[in-house]
Amino acid sequence: MYRYDVVDRTLVNERVAQFRDQTRRFLAGQLTEDEFRHLRLRNGLYIQRHAPMLRVAIPYGLLSSTQLRALGAIARRYDRGYGHFTTRQNIQFNWPKLEQVPDILAELAEVEMHAIQTSGNCIRNTTSDHLAGVTPEELEDPRPWCELIRQWSTFHPEFTYLPRKFKIAVTGAPKDRAASLVHDVGVHIVRGQSGELGFEILAGGGLGRTPIIGQVVREFLPREHLLTYLEAILRVYNLEGRRDNIHKARIKILVRSLGLEEFRRRVEAEWESSRGAGPRVDDGEIARLRGFFDPPPYRRLADTEPAEGQSTAFRAWYRYNTTAHKVPGYRAVYVSLKKPDVAPGDITDSQLELVADLAERYSFGEVRVTHTQNLLFADVQQDKAFELWQALEKAGLATPNIGTLTDMIACPGLDFCSLANAGSIDVAKHINERFDDYDYIYDLGEIEVKMSGCMNACGHHHVGHIGILGVDKSGEEWYQITIGGAAGADASLGHVIGPSVAKTEVPETIARLLDVYVEQRRPDERFLDTVRRLGVKPFKDRVYAAPVAA
Amino acid sequence: MPRRLLRDGLIVEDDWSYLAEAGDGAASALILSLTEWQSRRDSWIARVGRLGVWLLPAERVELLEPDLPRFSLIAADFPGPSEGRGYSQARLLREHWGFRGELRARGYVRRDQLFFMARCGFNSFELPDSDIENAAAALSTFSRAYQPSNDAGLALKPPLRSRSTPASA
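Parameters and conventions
Residues numbered from 1 in each chain as written. Chains lettered and ligands numbered in written order. Predicted model: local features only at pLDDT ≥ 70, side-chain atom pairs only at ≥ 80, totals over all residues. Helix = DSSP H or I, 4+ residues; strand = E, 2+ residues; numbered from the N terminus. Contact = placed C-beta atoms within 7 Å. Rg over C-alpha atoms; globule rule 2.2 N^0.38 Å. pLDDT = per-residue confidence, 0-100. Pairing = 2+ DSSP bridges. Axes fitted to C-alpha atoms, helices over the stretch in contact; angles between N-to-C directions. Nonpolar A, V, L, I, M, F, W, Y, C, P; charged D, E, K, R; others polar. Domains from an automatic or database assignment. Core = buried A, V, L, I, M, F, W, Y, C linked by C-beta atoms within 7 Å. Buried ≥ 20, exposed ≤ 12 C-beta atoms within 10 Å, placed from the backbone.

> How should I be thinking about the overall build of chain B in this particular structure?
For chain B, the count of helices and strands is 6 helices and 8 strands. The linear arrangement of helices and strands in chain B, starting from the amino end, is β-β-β-α-β-α-α-β-β-α-β-α-β-α. Across chain B, every contact between residues at least 6 apart in sequence was considered, and the portion connecting residues at least 24 apart equals 45%.

What follows is the structure, given as structure tokens:
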């Protein structure tokens, strides 16, 4: 993985000093609440329902064992012993004290981490495919490009006060595991007409109040122009994006109001005039960055399958929680953070430390955070999978549900977030209580349930096969259900099935949707595809045919 | 009391006046709004003395292009702490239009933004008295940067594209 040099280290340390001074000035009354808000937000610090929330950047989701241990120590010392992984591969701490945040940042800096630009109207953490570098279908490892974008976007002087937040995702494989179509900018590594690799650039995707799927601005961009092209997009957005209405300030609204053609024309014109002076990607620099992501020293092994005699629990886990690796004899192994009685994405301090140890023992000392709020050991020997499973099982990290109904995405919701209208965590819990039969869950196959506590859509409900949105109805928590959304390369927005349902009715509503699927599906057809084939009506009819007995 | 500025890293008294403050007879160095400039362009050109112009965030810098050599100062206005268009205006003026005169940030300008402003090309800053004494230090908040800079006054490392620092350095 990328390691800091003197430049990175200096910048992060100077940021800690800067933020320490800003916090001191705020506590001394020299900065107003509003002035400090603009500063702390660019350092990942929100003031939340119970306490401040600190979001720590995990660039493209990659963590070392050393970093995991540091996160565990921070969770224990400054928080209540746990952290929460987000859909953008970051981690959040929900209980730090404001005056201690500079110390937390100093501890993070020790392990080459920070909270720079994890919130605020600036370029956020660049996210990517959690299977980068190991998936057999990949054109090229996107992480060197992510690191290039990370550096370029960190303290970018022109783009630190944008109209609104700005999220970039980069993928290098046809299957999109980074939800890049619902990002402000999606960067796809693609092959050009003469076989060379370059980028397809999308813009204007996003969720929130106005969900929009990103559109292709440029079909093929030669690689040396990546940064100048991003600068052109950002400059058009910075100058022309709306600043008078927070709900209309994302780039998706600009793209929509100008129309794709006109937006593209302006970006291309800006690029033509500014690219000469901008930061061209240097071959030497990209080669230097690539060196950090060289494959680890794999052993020469043959593929093996779990033996017949091994426990069915292990075999189920192996089937659902591991996935193909490009190197024979290896698997990528998910650490499920979706245990039924735990909030999705939450992890304790001791679990963080255990994962650090297991990463060292089984996966070259590295772990990835997935967009779906799980962790991944990318490089596990197949013949060690059983040992690893046993260790994970003991720690409650082997729930065999990756990609299934109970592998739900959920935001922190009303329990923590000051924006939320409704709870997410307890709804996830109710769903888990209702659906605890793994034979049934496995029979349903691949299905993505995504839940947000408000229309800001941190839980990506619009792009869930089943989406659940918390709404406030005269002080009560209600839930609007959508079906047919998807976040991958075939991204689509879900359709609302009808009036929202009460909290206690959510599990039964989902059960009815699943009943229609089970009755109507064709062989090997996913829930999503059945919805796409049949439309919303049969599902809607079933859900609202009879009142739900709560 | 005359306005104080941070200009090229030093606190100085402002030798410019805005038309709205001074009237057109008084000051020799006068800053006009874009509208003021456009509405009486010919008479401003005939006037003796240095001219400056200040832009609202929504005003496009290209509008100044035909007259750029007439201005020895251009100011960008920051109406509040979330305003960011001035950063792009500055880079466009420096990089695309080659403006070499005084580039000033006015409005909501505080020490915490100075580093970014300077890197975009601003070299003078209208700061409140509460901030001005400590502001010069903010220009060296960071001793390194990943991006190319428009500020020759900041001694920063070479930009990202030519970086070759060994990891162990």
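Past the structure itself, the notes keep going.
> Can you help me understand the overall build of chain A in this one?
Secondary structure summary: chain A contains 17 helices and 21 strands in total. In summary, chain A has a C-alpha radius of gyration of 23 Å against a globular reference of 24 Å for 550 residues, a match within 12%. Considering only intrachain contacts with a sequence separation of at least 6, the fraction spanning at least 24 residues in chain A is 67%.

> In this structure, what is going on with the confidence of the model for chain B? I would like to understand it.
In low-pLDDT regions, the fine details of the predicted coordinates are not to be read closely. Residues and elements named next belong to chain B. Averaged over all residues, the pLDDT of chain B is 87; the fraction at 70 or higher stands at 85%. Across residues 153–169, where pLDDT falls below 50, the model places 39 contacts with residues more than four positions away in sequence or in other chains. Quick note on the complex model: pTM equals 0.95, ipTM equals 0.93.

> I keep staring at the sheet that holds strand β13 (residues 346–348) of chain A and nothing clicks. Help me out?
Strands belonging to one sheet form pairs held by backbone hydrogen bonds; the direction of such a pair is parallel or antiparallel. Residues and elements named next belong to chain A. Read from one edge to the other, the open sheet built from 5 strands follows the order β1-β2-β5-β4-β13, with strand pairing classed as antiparallel. This sheet does not close on itself; its edge strands, each paired only once, are β1 (45–47) and β13. With direction set aside, neighbouring strand axes in the sheet form an average angle of 30 degrees. Examined bridge by bridge, strand β4 (residues 82–85) and β13 share 3 bridges and lie antiparallel to one another. In the strand pairing of β13, Gly83 is matched with Ile347. Most of the contacts of helix α3 (residues 65–78) go to strand β5 (residues 91–93), to which it runs at about 15 degrees, and overall it touches β4 and β5. Contacts from helix α11 (residues 349–362) reach β4 and β13 within the one sheet, and its direction differs from that of β13 by about 85 degrees.

> Mind showing me how you'd approach the interface of chain B and chain A here?
One frequently used descriptor of interface size is the decrease in accessible area upon assembly of the parts. Each side of the interface is counted separately: chain B has 33 residues, and chain A has 36 residues. Counting residues per element, the side of chain B that touches chain A draws most heavily on helix α4 (residues 85–96) of chain B, which supplies 6 residues. Broken down by class, the residue content of the side of chain B that touches chain A amounts to 13 nonpolar, 10 polar and 10 charged.

> So what exactly am I meant to see when it comes to the pairing of strand β9 (residues 197–203) of chain A here?
Residue and element names in this part refer to chain A. Bridging between strand β8 (residues 185–191) and β9 involves 7 bridges; their strand directions are antiparallel. Of the residues in β9, the one forming a bridge with His188 is Glu200. In this structure, the hairpin formed by β8 and β9 is closed by a connection of 5 residues, where Gly195 is found at a positive phi of approximately 90 degrees. Two elements, β9 and strand β10 (residues 215–222), share 5 bridges in a ladder whose sense is antiparallel. Paired with Leu202 across the two strands is Val216, which belongs to β10.

> What is the right way to look at the domain arrangement of chain A in this model?
Residues and elements named next belong to chain A. In terms of domains, chain A is made up of domain 1 (6–57 + 88–110), domain 2 (127–290), domain 3 (312–378 + 385–394) and domain 4 (409–545). For domain 2 versus domain 3, the separation of C-alpha centres amounts to 31 Å. The interface of domain 2 with domain 3 comprises 9 residues on the first partner and 10 residues on the second. Of the residues assigned to the side of domain 2 that touches domain 3, the class counts are 5 nonpolar, 3 polar and 1 charged.

> Can you help me understand the nonpolar core in this one?
When a protein is soluble and globular, its nonpolar side chains tend to lie buried together. Ranked by internal contacts, the top residues of the largest apolar core, which has 198 residues, are Ile233(A), Val355(A), Ile74(B) and Phe125(B). The greatest single-element share of this core, amounting to 10 residues, is contributed by helix α6 (residues 226–240) of chain A.

> Any chance you could explain the sheet that holds strand β1 (residues 4–7) of chain B here in plain terms?
Residue and element names in this part refer to chain B. With mixed pairing, the 8 strands of this open sheet are ordered in space as β2-β1-β8-β7-β6-β5-β4-β3. Strands with a single pairing partner mark the edges of an open sheet, and in this sheet they are β2 (10–13) and β3 (17–18). Across 2 bridges, strand β7 (residues 102–107) lies against strand β8 (residues 124–125) in parallel orientation. Along β8, the bridge assignment pairs Ala105 with Phe125. The sheet contacts of α4 involve β5 (51–55), β6 (71–78) and β7, and relative to β6 the element is tilted by about 160 degrees.

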